[in-house]
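Fold and contact review
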Amino acid sequence: MDFLRELRALSQLQHPHIVELQGIFWSDPCSSGAIGGEHGAWVMVLGYCAGGSVNDFIVNELRNQPPSTPAAKQRVHTMAAQLCAALSHCHRHGIIHRD
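What you are looking at is a predicted structure, and each value in this text was computed from that prediction instead of being measured. (Residues numbered from 1 in each chain as written. Predicted model: local features only at pLDDT ≥ 70, side-chain atom pairs only at ≥ 80, totals over all residues. Heavy atoms only, no water.)

**Comments concerning the confidence of the model for the chain**
Summarising the model, the chain shows a mean pLDDT of 80, and 85% of its residues fall at 70 or more. Mean pLDDT in the chain bottoms out at helix 2 (residues 54-61), which sits at 77, and peaks at helix 3 (residues 70-92), which reaches 89. (pLDDT = per-residue confidence, 0-100. Helix = DSSP H or I, 4+ residues; strand = E, 2+ residues; numbered from the N terminus.)

Structural data, given as structure tokens:
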């Protein structure tokens, strides 16, 4: 299964800008449409990100500042550098991010 192979790869990565995989479990089927749905599903438990997602950053942080301000440019530059460092770490370990 591709999903389980990806989970194994993620579990081996340790980097300050990659969310840590805390664990996985199988959610049994349920008729209520909750996590496992009617067929069941693998569920990933990821580490907590205090700063939120990249989307949260874009929506909440950048919309309050004109994108041309030095502060906004610096925040975008910092986040881009962190993203590049995380992707580089993945590539050094033979993992290519495809999302």
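Further notes follow.
**Things to note about the layout of surface pockets**
The computed volume of the largest pocket comes to approximately 1,400 Å³. In this structure, the largest pocket is lined by 35 residues; those nearest its centre are His17, Ile18, Val19, Leu83 and His97. Elements with a minimum of two residues in the lining of the largest pocket: helix 1 (2-12), strand 2 (41-46), helix 2 and helix 3. The element that contributes the greatest number of residues to the lining of the largest pocket is helix 3, accounting for eight residues. Residues that form the lining of the largest pocket fall into these classes: 21 nonpolar, seven polar and seven charged. (1 Å grid on protein atoms, 1.4 Å probe; cavity = no way out; pocket = protein on both sides within 12 Å on 5 of 7 lines; lining within 4 Å. Points joined across faces, edges and corners; volume = space filled by probe spheres on them. Nonpolar A, V, L, I, M, F, W, Y, C, P; charged D, E, K, R; others polar.)

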